[in-house]
Every structure is written in C-alpha cells, then in structure tokens.
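Architecture at a glance
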Amino acid sequence: MRPTIALLPVLALLAVTLGTTGCDRRKPADEQATATVPEDSAAPSDAEGSEPERVGTIDRSQQGQAAPTTAFTAPDGKRVTLADFRGKPLLLNLWATWCAPCVREMPTLDALAVRESGKLQVLVVSQDLEGAAKVTPFFEKAKFRALQPYLDPDVGLSTGYGVNLPTTILYDAQGKEVWRVSGDMEWDGETAATWIAEAG
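Okay, so let's go over this structure. (Residues numbered from 1 in each chain as written. Predicted model: local features only at pLDDT ≥ 70, side-chain atom pairs only at ≥ 80, totals over all residues. Heavy atoms only, no water.)

1. Details of the pairing of strand E4 (residues 90-95)
Counted residue by residue, E4 has 6 buried out of 6 residues, so it is predominantly covered. Of the two faces of E4, both are covered, the one formed by Leu90, Leu92 and Leu94 as well as the one formed by Leu91, Asn93 and Trp95. Pairing of E4 with strand E5 (residues 121-126) involves 6 bridges; the strand directions are parallel. Bridged to Leu90 within E5 is Gln121. Handedness of the crossover joining E4 and E5 through helix H2 (residues 100-115): right-handed. Note that E4 and strand E7 (residues 167-171) share 5 bridges and pair antiparallel. (Buried < 20%, exposed > 50% of the residue type's maximum accessible area, 1.4 Å probe, protein only. Helix = DSSP H or I, 4+ residues; strand = E, 2+ residues; numbered from the N terminus. Pairing = 2+ DSSP bridges. Right-handed = clockwise from strand over helix to strand, strands pointing away.)

2. As for the packing of aromatic side chains
Within this structure, the stated rule accounts for 9 aromatic pairs. For the ring pair Phe138 and Phe144, a centre distance of 6.1 Å and an interplane angle of 50 degrees mean the geometry is tilted. For Phe144, a relative accessible area of 16% gives the class buried. Ring geometry for Trp179 against Trp195: centres 6.1 Å apart, planes inclined by 65 degrees, an arrangement best described as edge-to-face. One end of the pair, Trp179, is in strand E8 (residues 177-182); the other, Trp195, is in helix H5 (residues 190-196), with 16 residues separating them in the sequence. (Phe/Tyr/Trp six-rings, centres within 6.5 Å; stacked < 30°, edge-to-face > 60°.)

In structure tokens form, the structure reads like this:
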C-alpha cells in the first residue's frame, strides 16, 4: 500500500507538467478539446500585474542541420517547402487548433511577426488533420495582423521532427537550424528576443 501512496504525488506532478508543456501529437484530434483564442489575446504580455513570462524548453542539439524537404500547403493552395523561405531567418511554429498551449501562444507569434516584419519570417503550420476546415474558421475569428494559415494535414513536419505540439524551430537565413523550443512561449517577450537574435 505504501509504495502506491508514495507514487501518487509523483504521478500528479507528472500530469501537471505534461499538461502545461505541450500536446501529444499522437493523440487523435477528436479526443482533445478544440481550443479557442483567448478573449484578452490583444493585451500586451508585459502588462502590469500580468503573470511571469512563459518560457518554453530550448534545445540546441540539432544546431546546423538543414531544414527538411517535407512539403506543406501555402495559403494560396500551392505546395511549398522550407527551402522556399531561405534568405531571411525563419521561425517555424508547428501548432493545431485542438492544442491549448498552441492557441495561447499564437497572439504572441502574431505580435512578433508584426514587430519583426522584413527581418524575420514567422511561419505557423497547422498540424490539424482536418486542414482548412478547422484552420480557416480559427483564423477568421482570431483576426491576426501578420500570420497566415499554412497547412500540413498529413502531419509530415511534426512526424518528421518527432515532436509534440507546440514546437517552434528557428532557422538562419541559409536554412540551417539554430534551435528548437518545445512548449508554450511568449514569443513577443524578452527571452524570445534574445534567443531569436542568435540567427544573426
């Protein structure tokens, strides 16, 4: 009986940790609740009295690797690869409408894209299996200023990287990986700005 009781706090802590760091890419979308854009998404993340800055987990172990050649769909319906975005640093975000941490960080990605326009490309690629059927209504409601809805309903990118959602990967102008971040992040915050500067 005692070993079981001793394990309960550990299991509870593990459940909380997993719940706040990301969504399992292997879990079918219909088993997860569809997330919605927070009502206060337009509020600045550094407002007085706000919660501490959300910072994901950074991984530099793949630094220098070339971007994969996996194709996905652009907003105009054309098939593209990450090679099409070489020339400027690129921040690639893999997300889904059913992933609450993904949805929570989207407004900060949009704010970053607006702020860094012309210097940094911010690309958000949905891993929703339903593709445009889920993503188009989400974007219409969110009214993002800079983000565009790229689609990967075959989940080729997240499967190829072997990651859960959300995952964000920074590439330099030559298409080489700088780092990747797993979990919810405030992309318009100070920590993100410092990390993004590493792309040169």
